Amino acid sequence: MKPRLFRLLSVLFFTSLFLNAPIYAQELETKTIEAEPIVKKINRTGKLTFKRTLNLSFKSSGYLEELTIDEGDSFIKGQLLAQLDSEELTAEKNASYARLLQAKREIKRIKTLLSKKLSSQQALDDAITSVETTRARHKIAQYNLTKAQLIAPFDGVVLARYTDLGELQSPSQSALKIAAVENNLVVRVALTASEVNLVNLQQRIDLNLTQYGLVTGTVSKVPAIADQQSHLFTIEVLLENLKVNQVVVGQLVHVLAEVMTDTFSYRLPLEALNSVDSQGKALVMVLDTNATETKNYRQQEFLIKQLSNEYIYLSAQPSSPPLTIVTRGWQHLALIENKP
């Protein structure tokens, strides 16, 4: 045989072997997947605000005489914030004290008369009762005088001022609106019914604050009912280590949370999905664990739990064994119908 003809036959022979070889042997890619809990993501926008605010008002009526702070000012616990003209209240306190002294002297006088049998036990009892009622009125007068001042109950900041110097104040009228600066910043975010079921008290949640960065907060409030208008559940995330001067109260906050559920699934890349049957079940090519000598693959159906842009989540149980699936080249495999 001529050398040229021999080389030609050799090329044809090896080409024939290559063409008859299983294509999937060169392109087949597999991946072993274990059953794992489904992780749900919460991606919402909330608002930074104060968890608690306090409206301060005077106990008694009077004209505002002193105002030491204004809106936006900070203060410390025990600081004098505002004060009424206390001349009338001071006079009432002094008058009640004078009446109390007189009532005490009346007891001494009646006891002296009683010792001489010039009075009665009833008169002494009435005098004792008068002392007690007069003492109670004096304490009320002292209390009203004390409440003629607004003293800061904590370290805080003034949110609003509703009055001005010289204005007549009444107990039903708020003079100042204040808020504490320690452990009082929360992010309120509205969630759907399915999302709020993923959230628990004391759960840690990441938040992205503009011009501050990523911080972690703690869920401090989960409502029992939804808002009647929006039908959403507004939770509160407490920012414990954040100061008021570090952020802008009222700014929008990006809320990010990944919550691990009790539902297990196989998380497969989307390219492993062969198709979806008429019943809505996913068809994927899996390794037949019953095969002993060679690797055989068969198409198996699964219930779809959820979908994302990258993965498909197939129904599984906590005790489900690992699953070896074909992620590439499954188109070239001989399909074996999965018999129930």
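As the structure is a computational prediction, the values presented were derived from the model and not from experiment.

Draft legend 1. Region of interest: the packing of aromatic side chains. Taken as a whole and assessed by the stated rule, the structure comprises 1 aromatic pair. Aromatic side chains Tyr266 and Phe302 sit 6.2 Å apart centroid to centroid with 75° between the ring planes, which places their arrangement in the edge-to-face category. Remark: Phe302 occurs in strand S18 (residues 297-302) and Tyr266 occurs in strand S15 (residues 252-269); sequence separation between them is 36 residues. Tyr266 sits in the buried class, given a relative accessible area of 5%.

Draft legend 2. Here's a closer look at the side chain of Lys51. Looking at the element boundaries, Lys51 is found in the loop between strand S2 (36-50) and strand S3 (54-56). Here Glu236 takes part through its side chain, which lies 2.8 Å from a polar atom of the side chain of Lys51.

Draft legend 3. Geometry of a negative patch on the surface. Together, Glu65, Glu66, Asp85, Glu87 and Glu88 make up a region of like negative charge exposed at the surface. Contributing elements (two or more residues each) for the negative patch: strand S4 (62-67) and helix H3 (87-115). Structurally, the position occupied by Glu87 is in helix H3. When its relative accessible area of 62% is taken as the criterion, Glu87 is described as exposed.

Draft legend 4. A look at H3. The terminal C-alpha atoms of H3 lie 43 Å apart, and with 29 residues this matches the ideal 42 Å at 1.5 Å per residue to within 8%. Turning to H3, its buried residues are Leu89, Ser96, Leu100, Ala103, Ile107 and Ile110. Those residues of H3 that are buried are in contact with helix H4 (121-146). Within two residues after H3, Lys117 carries a phi angle of roughly 60°, on the positive side.

Draft legend 5. Representation of the sheet that holds strand S8 (residues 156-161) in the model. Taken in spatial order, the 4 strands line up as S3-S10-S8-S5 in an open sheet, and their pairing is antiparallel. In the strand order of this sheet, the two ends are held by S3 and strand S5 (74-75), each with one partner. As paired elements, S3 and strand S10 (residues 176-180) share 3 bridges and run antiparallel to each other. Across the sheet, residue Leu54 finds its bridge partner in S10, namely Ile178.

Draft legend 6. The nonpolar core, seen in detail. Judged by nonpolar contacts, the single largest core of 29 residues is most densely connected at Leu185, Val187, Leu207 and Leu239. Elements supplying a minimum of two residues to this core: S2, strand S11 (185-191), strand S12 (204-209), strand S13 (213-221), strand S14 (233-238) and S15. Not counting residues up to four positions away in its chain, the partners in contact with Leu185 are Leu48, Thr49, Phe50, Val237, Leu238, Leu239, Leu242, Lys243, Val244, Val247 and Val249. Leu56, Leu64, Leu150 and Leu176 belong to the second-largest nonpolar core, a separate cluster that totals 17 residues.

Draft legend 7. Seen up close, the confidence of the model for the protein. Per-residue pLDDT for the protein averages 85, and the proportion of residues at 70 or more is 89%. Confidence, expressed as mean pLDDT per element, reaches its minimum in the protein at helix H1 (residues 3-20) with 40 and its maximum at S3 with 96. In the predicted structure, residues 1-26 sits below a pLDDT of 50 and forms 7 contacts with residues beyond four places in sequence or in another chain. Here residues 334-340 scores under 50 on pLDDT; set against residues more than four positions off or in separate chains, the count is 11 contacts.

Parameters at a glance
- Residues numbered from 1 in each chain as written.
- Predicted model: local features only at pLDDT ≥ 70, side-chain atom pairs only at ≥ 80, totals over all residues.
- Heavy atoms only, no water.
- Phe/Tyr/Trp six-rings, centres within 6.5 Å; stacked < 30°, edge-to-face > 60°.
- Helix = DSSP H or I, 4+ residues; strand = E, 2+ residues; numbered from the N terminus.
- Buried < 20%, exposed > 50% of the residue type's maximum accessible area, 1.4 Å probe, protein only.
- Polar contact = N/O pair within 3.5 Å; in protein donor to acceptor, adjacent residues only side chain to side chain.
- Patch = residues over 30% accessible without salt bridge, like charges linked within 9 Å, V, L, I, M, F, W, Y side chains within 5 Å.
- Areas by Shrake-Rupley, 256 points an atom, 1.4 Å probe, with all protein chains shown as cover.
- Salt bridge = Lys/Arg side-chain N within 4 Å of Asp/Glu carboxyl O.
- Lys, Arg positive; Asp, Glu negative; His and termini not counted.
- Charge placed at Lys NZ, Arg CZ, Asp CG, Glu CD.
- Expected span 1.5 Å × (residues − 1).
- Contact = heavy atoms within 4.5 Å.
- Pairing = 2+ DSSP bridges.
- Core = buried A, V, L, I, M, F, W, Y, C linked by side-chain atoms within 4.5 Å.
- pLDDT = per-residue confidence, 0-100.

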